[in-house]
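Chain by chain, the residues run as shown.
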Amino acid sequence: MLKIKTILTTLAAIILLLPINQLSVRANLTSSENSTPTKQITNTEQPKNIYQQAKAELPEDFYALYRIMERIARANKLDEKPWRIIIVPKYNINAFATNVNLIATYDGILDQLAGDASAIACIVGHEMAHHTERHIALTPVEKAALIKKIEQEAKQKALIKRQNAQAQATVMSIGGSVARIFGGRTGRVGGVVLGNASRQRSKAAQEKIDEIVAQKKEELEQTLAEDSRQREFEADEVGYLYSAKAGFEAEGCLRAMKVLGQTPSAEFDTTHPAVPKRIEALKDLMVKFPATSLAEEGKALISETKPLTYDLSKDGVSLRVNSSRGGSSVDDVERLFDRYSNSQGD
Ligand SMILES: [Zn+2]
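Since we're looking at a predicted model, the values are computed, not measured.

S.K.: Describe the nonpolar core, listing the residues and the values that go with them.
M.R.: Nonpolar side chains in soluble globular proteins tend to end up buried together. Core analysis: the biggest nonpolar cluster contains 59 residues, and Leu58, Tyr66, Ile72, Val124, Tyr240 and Leu319 have the highest contact counts within it. In terms of residue count, the dominant contributor to this core is helix H3 (residues 60–75) (9 residues). Within the second largest apolar cluster, 7 residues are counted, among which are Ile86, Phe96, Leu102 and Tyr106.

Rendered as structure tokens:
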């Protein structure tokens, strides 16, 4: 089972609905007393039974999230892999995606969106999109590559400057030797003056390198923030398509954004675009891809699939929406074994 502490150590890779500064979660979260271990449910059961059982077994928030994720997965062909969602018991208006197909949502955002499944679906869809668009997998790699490039450039510049300084020092040294050989007062004085000038040049060269590195780092931060904002727009777009195909109300995305818009710095571009810009982009999208036709597409896909099963973690902190393969490797081994033994006539 996933431990929340383990999850929280991987937060370097997170992408949030909102900027990162709200992430001060600590792990007093594993209260297992109230957890409800679940029985494995197989895909052979009727949809009604699975949903009824889920409603009876799962805490309300998890039941709603299960129904939302299950529907989004089936309506968008995202049911080949399982999805896991964790509810972080902290009153933040935020959610994030991390690791592989893991989504986390804070208590706070569920609380503020209570009664609005379409808004929650939009947020879940946004986080699922960060996974499917590979935003999480690529971001740290891109960042590392950029940092490496900057370091290499700075080193190269430092090397050239050092070589120039050394060449200059050699000239000075020759100058000094010449002065000693000739024993002239003028020669010695000339050597000292020129030597000081060389050290000053070397110092200036180092300062210039530091300046270049600082400037490059600043540029890098700006580039990363810009890339991050671009990814957020993408996740908003794909998240809208996902939730609309699953049949949720398009306006749910706008209602979710309104709640995000009440958070600090929402009106500014940070690692995330300003919320008003996100709302405008979503409105454009809704005109371009009307929710009604998306829902029709999704309906067709849903009708071709079976309901997905679920498993609640033993500590009750997270829920897995199983892939179309189901959630039990034991069932699968037994299915394979039985088939195998039958073929041998055992
Ligand atoms: Zn995001």
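S.K.: Break down the pairing of strand S4 (residues 102–106) for me, with residues and values.
M.R.: Across the 5 residues that make up S4, a large majority, 5, are buried. Residues Leu102, Ala104 and Tyr106 point to one face of S4 and Ile103 and Thr105 to the other, with burial holding for every one of them. Bridge count for strand S2 (residues 83–88) against S4 is 5 bridges, and the pairing is parallel. Residue Ile87 lies in a different strand from S4, and its bridge partner there is Thr105.

S.K.: Quick one: what's the story with unusual backbone geometry, residue by residue and with numbers?
M.R.: Of note, Lys77 is a non-glycine position whose phi angle comes to about 55°, a positive value. Residue position: Lys77 is located in the loop between H3 and S2. Residue classification places Lys77 among the exposed residues on the basis of a relative accessible area of 59%. Its identity is not glycine, yet Ser265 carries a phi of approximately 65°, on the positive side. For Ser265, the location among the structural elements is in the loop between helix H8 (251–260) and helix H9 (275–288). Residue Ser265 is classed as partly exposed on the basis of its relative accessible area, which comes to 35%.

S.K.: Outline the state of the cysteines, supporting the account with residue identities and numerical values.
M.R.: Tallied over the entire structure, the rule returns 1 disulfide. There is a disulfide in this structure between Cys122 and Cys253, and the S-S distance comes to 1.9 Å. Here Cys122 and Cys253 share a disulfide; its torsion about the S-S bond, 100°, makes the bridge right-handed. A residue pair is termed long-range when its members are at least 10 positions apart, and Cys122 in helix H5 (residues 117–132) and Cys253 in helix H8 qualify at 131 residues. Look at Cys253 and you get buried, because its relative accessible area is 0%.

S.K.: Help me get a handle on the pattern of salt bridges, residues and values and all.
M.R.: Taken as a whole and assessed by the stated rule, the structure comprises 11 salt bridges. Arg74 is paired through a salt bridge with Glu70; the nearest N and O atoms lie 3.0 Å apart. Placement of the pair is Arg74 and Glu70 together in helix H3, with a separation of 4 residues, close to one helical turn. The exposure classification of Arg74 matches that of Glu70, with both residues buried. Between Arg320 and Asp311 there is a salt bridge; the shortest N-O distance is 3.2 Å.

S.K.: Give a detailed account of the packing of H5 against H8, specifying residues and quantitative values.
M.R.: Where H5 contacts H8, the axes come no closer than 7 Å and their chain directions differ by 80°. As summarised for this structure, H5 and H8 are arranged roughly perpendicular, according to the angle between their axes. Of the residues in H8, those touching H5 at Ser118, Ala119, Cys122 and Ile123 are Gly252, Cys253, Arg255 and Ala256.

S.K.: So what's going on with the packing of aromatic side chains? Which residues, and what values?
M.R.: Think of a pair of aromatic rings as described by two things: how far the centres are apart, and how the planes are tilted against each other in angle. Evaluation of the coordinates by the stated rule reveals 3 aromatic pairs. Plain terms: the ring middles of Phe96 and Tyr106 are 6.0 Å apart, the flat faces sit at 55° to each other, and that makes the pair tilted. With Phe96 in strand S3 (residues 95–98) and Tyr106 in strand S4, this pair connects stretches of sequence that are 10 residues apart. The ring of Tyr51 carries Arg67 above its face, with NZ or CZ at 3.8 Å from the centroid.

About the cut-offs
Residues numbered from 1 in each chain as written. Predicted model: local features only at pLDDT ≥ 70, side-chain atom pairs only at ≥ 80, totals over all residues. Heavy atoms only, no water. Core = buried A, V, L, I, M, F, W, Y, C linked by side-chain atoms within 4.5 Å. Buried < 20%, exposed > 50% of the residue type's maximum accessible area, 1.4 Å probe, protein only. Helix = DSSP H or I, 4+ residues; strand = E, 2+ residues; numbered from the N terminus. Pairing = 2+ DSSP bridges. Disulfide = S-S within 2.5 Å. Salt bridge = Lys/Arg side-chain N within 4 Å of Asp/Glu carboxyl O. Axes fitted to C-alpha atoms, helices over the stretch in contact; angles between N-to-C directions. Parallel < 35°, antiparallel > 145°, perpendicular 65-115°, else oblique. Contact = heavy atoms within 4.5 Å. Phe/Tyr/Trp six-rings, centres within 6.5 Å; stacked < 30°, edge-to-face > 60°. Lys NZ or Arg CZ within 6 Å of the ring centre and 35° of its normal.

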